[in-house]
Amino acid sequence: MIKLILRRVIVAIPTLILVSIIVFALQKLLPGDPVLTLAGEERDPAVLDYLREKYHLNDPLPVQYVAWVKQVVTGDLGKSLRTDVPVTELISQKLPVTLQLAAMAMVLALIVGIPAGILAAVRKGKLTEYGANVAALSGMSIPNFWLGIILIMVVSVQLRWLPASGYVSPTEDFWLSMKTMLMPAIVLSTSLAAYLMRHTRSSMLEALGADYVRTARAKGVSPRNVVLRHALRNALMPIITLVTLLFGELLAGAVLTEQVFTIPGFGKLVVDAVFNRDYAVVQGVVLCVAVGFILMNLLADILYIVVNPRLRHS
Amino acid sequence: MKKLASAIGAAVLLLASGATLAQEIRIGLQEDPDVLDPHRARTYVGRIVFTSLCDKLVDIDPRLHIVPQLATSWSWNTDNTVLTFKLRNDVLFHDGSKFDAAAAKANLDRARTLPDSFRKGELASVDKVEAPDAETLVLTLKGPDATLLAQLSDRAGMMLAPDSFDPKDPNTVGRKPICSGPYKFVERVQNDRIVLDKFDKYYDAKDYHFGRITFLPIPDTTVRLQNLRAGGLDMLERLSPSDAPDVKKDSSLHFSSVAGLGFTEVVFNSNNGKRAESNPFRDPRVREAFELSLDRDAINEVVGGGIYEPASQPFPPASPYHSDKFPVLKRNVEKAKALLKEAGKPQVKGELAFGNNTTTAAVAEMIQAMAREAGIELSLRPTDYAALLGQMHNGNFEVALRGWSGRPDPDGNITQFVSCKGELNDGQYCNADVDKLLFDARKVPDEAKRKALYDQAQTILRKDVADTFLYFQPWPFAMQRKVQGFMPYPDGMIRLKGVSFAQK
């Protein structure tokens, strides 16, 4: 088994290299001179030339790439062109924020999505199912930023229940942190909850129609136990896979949500960096996200092997 | 018992005083500032933060006159090549070290020599800086420079504690700036907040009423305003003009706006690269026809919510260089059509590029509709701002919209844009006579004589239609009703002297 895991790790390395090349090349294709953008209103040609030289922007692309990789290998992701802050520091500042947002959204989605899916499956053809389906469709179709602005207008401006934006760390003030993150987490969780509901529903329907459920029913197991003990357990397997896959969706959604609620997380960092052509930050963040994805996949692969003995021999 | 009562009384007093001291003002900014090192900083928004953080040698008043700040007085020698400042002697930096002429010299020398200092150009006329005694600073110039004092009223004149300069790593300054302003740097979380605390040893500390300032960059104007309404912000800068009527109606808010030093203008590519060769706007008659097709009042009313003061010159109304000789041009479609006919191009096709945001897009659409009536068919090219900067610099445009935040000295609003080698002259308009007038004007400190030179230059520029001004950029602020004593300055900076919260 260790051999198998090692093989997966080795396969991940070329993926990482490929990702880094693509990221590097793609942002160089972006129109706009970073130094000119950096200079903003100030345009002293001597200073602009100095900066181009300093950030190796005059070198051919492969040379720039190699220089960057050399730097990255030593653990140095460079400094933000705009504010001089080391990219590693930025990442360590912003990552926990986005993870907190993603985790809260995921928990909300699980709390809402799975029970709704079970209900919809059990009450097939009834009003509950139609209601759940309509809710799920709305959840998937309503854009995050729109829902965000509406929530801010109603909950923060009209009712004054929750702060409209900003971020407070849970170590600083736990309840205030939960309060500021609640709306963004709700917004981010809507489409996720909708996906979960629909998949739980179909997966449950399949399980409820299976032979072992019929057998359980025939044996006189209570309907509640049939649903929760027998059907749900089996139905949850594909849902777990879905949850890991949806994690990517969550990070992508966080970009917009963080913009609307001005949460200083990863998404906001990368959007601002792209607009300011802050190459060092974009490269660092995207590389970090890529590593995260690769690690997640690796973890999923390993877990499959651990959980499902059949895979070890295939 | 008496002891207990007095203890409780003392505690209440302490709490009360603590409450007033801890009073915090939260200010919403349109963007996150760049590096907080005055010598290397580039953004307009950064200047707003510096205004509370770093004092300058001199400041401006609302009529753009130069007034004392760290320098109490100044004088020129007879041929205007030596500028002598007398400095305050009661000023401390935030690290407790004393501000004196030697510290001022260290700052000016750093600003002039640091390889990535954006202040080099602004201080290019300075040949030598000397500090003969603690309260006297002497600047010897290479030649007369009438613009220098105004430069020293901005980042070039900001003073940092020299002990904070690390010759090995100039980046340390920008991450923890140590200045001598009314507020000192506490922390910054990029894209999130910048926190400043009151500096109790500031020489004018009694006029500053907030214990803490928190700047919160919130780029989306809708979200920024909603935050103000929800109470998360006490004030915000650059309110969207379309929101101005709503804010004025809201009894819990207060609206304050001033015509700024900056402008929005149309730039024509007359000489920059290949696209200039085929550009119909190369012909001054086409440019004039285009200008005559515009109704600036309509732009002001429709997009500007009545606060986009129409412009036909680069010098704002607050400036003593604003000239009555160049009144706002009125729309004249018939004359525009006649001009196009005369140029042999009754139908002109062109492309208007602009940095994409809601307000600019609305202005561009209005221009498109107005020009069409005169026979000028413009296609619109909305572009991401960073990309537009590069494209304009490289000449990849025909007509473009551009904004400028403005400078108190007239030179900063004109020379870079229209002189043959001007850094911001993206259309590369060039006229030797204009160049001569503009460079002469840099050397004349006398206001009346200088104004005459700018008037002459403008007469040529208007005749050539070198560029077309649309409106002076306003600086609209919105704040909670309780914020009192705030006065907007034409440079758009937020000066918190005398500003406080009304007692409930």
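Coordinates for the structure precede this section.
The following refers to the structure shown. (Residues numbered from 1 in each chain as written. Chains lettered and ligands numbered in written order. Predicted model: local features only at pLDDT ≥ 70, side-chain atom pairs only at ≥ 80, totals over all residues. Heavy atoms only, no water.)

### Description of the overall build of chain A
- A tally of helices and strands in chain A yields 13 helices and zero strands.
- When the helices and strands of chain A are placed in sequence order, the string is α-α-α-α-α-α-α-α-α-α-α-α-α.
- Across its three principal directions, the C-alpha atoms of chain A cover 85 × 60 × 35 Å.
- A buried classification covers 46% of the 314 residues belonging to chain A.
- Of the contacts formed within chain A by residues at least 6 apart in sequence, a portion of 72% connects residues at least 24 apart.
- Across chain A, the mean location of the 28 positive side-chain charges is 19 Å away from that of the 20 negative side-chain charges. (Helix = DSSP H or I, 4+ residues; strand = E, 2+ residues; numbered from the N terminus. Buried < 20%, exposed > 50% of the residue type's maximum accessible area, 1.4 Å probe, protein only. Contact = heavy atoms within 4.5 Å. Lys, Arg positive; Asp, Glu negative; His and termini not counted. Charge placed at Lys NZ, Arg CZ, Asp CG, Glu CD.)

### Side note on the packing of helix H15 (residues 432-441) of chain B against helix H16 (residues 447-464) of chain B
Residues and elements named next belong to chain B.
- It is at 9 Å that the axes of H15 and H16 come closest, and there the two elements cross at 160°. By the angle between their directions, the pair H15 and H16 is classed as roughly antiparallel. Classified by chirality, the crossing of H16 by H15 is left-handed. Each of Asp433, Val434, Leu437, Leu438, Asp440 and Ala441 in H15 lies in contact with H16, whose residues at this interface are Arg450, Leu453, Tyr454, Gln456, Ala457, Ile460 and Leu461. (Axes fitted to C-alpha atoms, helices over the stretch in contact; angles between N-to-C directions. Parallel < 35°, antiparallel > 145°, perpendicular 65-115°, else oblique. Left-handed = near helix turned anticlockwise from the far one by under 90°.)

### A word on the pairing of strand E8 (residues 183-189) of chain B
Residue and element names in this part refer to chain B.
- Where E8 meets strand E9 (residues 193-198), six bridges bridge the pair, whose relative direction is antiparallel. Residue pairing for E9: Phe185 is matched across the bridge by Leu196.
- Here E8 folds back onto E9 in antiparallel fashion, the turn holding three residues, of which Asn191 has a positive phi close to 65°. (Pairing = 2+ DSSP bridges.)

### Digging into unusual backbone geometry
- Residues other than glycine seldom take positive phi values, yet A:Asp84 does so here, at roughly 70°.
- Here A:Asp84 shows up in the loop between helix H4 (61-73) and helix H5 (87-122).
- The class of A:Asp84 is buried, set by a relative accessible area of 2%.
- We note that B:Asn191 has phi near 65°; this positive angle belongs to a residue other than glycine.
- Counting through the fold element by element, B:Asn191 comes out in the loop between E8 and E9.

### Side note on the interface of chain A and chain B
- Counting from both sides, the interface comprises 44 residues of chain A and, opposite them, 47 residues of chain B.
- Taken together, the two surfaces of chain A and chain B that pack against each other cover about 4,100 Å², and 51% of this comes from carbon and sulfur.
- Summed over the three residues of chain A that lose the most area to chain B, namely A:Glu41, A:Arg43 and A:Arg82, the buried surface amounts to 19% of that side.
- Along the contact surface separating chain A from chain B lie eight salt bridges.
- For A:Asp84, the salt bridge identified is with B:Arg40, shortest N-O distance 2.7 Å.
- Summed over the shared surface of chain A and chain B, the result is 15 residue pairs in polar contact (both at pLDDT 80 or more).
- A per-element tally of the side of chain A that touches chain B places helix H3 (residues 45-54) of chain A first, with six residues.
- Per-class residue counts for the side of chain A that touches chain B are 22 nonpolar, eight polar and 14 charged. (Buried area = accessible area lost by both parts, 1.4 Å probe. Salt bridge = Lys/Arg side-chain N within 4 Å of Asp/Glu carboxyl O. Polar contact = N/O pair within 3.5 Å; in protein donor to acceptor, adjacent residues only side chain to side chain. Nonpolar A, V, L, I, M, F, W, Y, C, P; charged D, E, K, R; others polar.)

### Some words on helix H2 (residues 44-53) of chain B
Residue and element names in this part refer to chain B.
- Across the 10 residues that make up H2, a large majority, 10, are buried.
- Residues of H2 that are buried: Tyr44, Val45, Gly46, Arg47, Ile48, Val49, Phe50, Thr51, Ser52 and Leu53.
- Among the structural elements, strand E1 (24-29), E8, E9, strand E10 (212-217) and strand E17 (467-480) are those in contact with the buried residues of H2.

### Digging into the state of the cysteines
Residues and elements named next belong to chain B.
- Under the definition given, this model contains two disulfides over all chains.
- Residue pairing for Cys54: its cysteine sulfur links by disulfide to Cys179, the two sulfurs lying 2.0 Å apart. When the S-S torsion is 55°, as for the bridge of Cys54 with Cys179, the disulfide is right-handed. Taken together, the residues span a long stretch of sequence, with Cys54 in the loop between H2 and strand E2 (58-60) and Cys179 in the loop between helix H5 (171-175) and E8 at a distance of 125 residues.
- Look at Cys179 and you get buried, because its relative accessible area is 0%.
- Paired through a disulfide, Cys420 and Cys430 show a sulfur-sulfur distance of 1.9 Å. Judged by the sign of its S-S torsion, about 90°, the cystine formed by Cys420 and Cys430 is right-handed. With Cys420 in the loop between helix H14 (411-418) and H15 and Cys430 in the loop between H14 and H15, this residue pair connects regions lying 10 residues apart in the sequence.
- A residue is classified by how much of its surface remains accessible, and Cys420, at 24% relative accessible area, is partly exposed.
- On the basis of relative accessibility, which here comes to 46%, the residue Cys430 falls in the partly exposed class.
- Here the disulfide map of chain B reads 1-2, 3-4, the bonded cysteines being numbered as they appear in the sequence. (Disulfide = S-S within 2.5 Å.)

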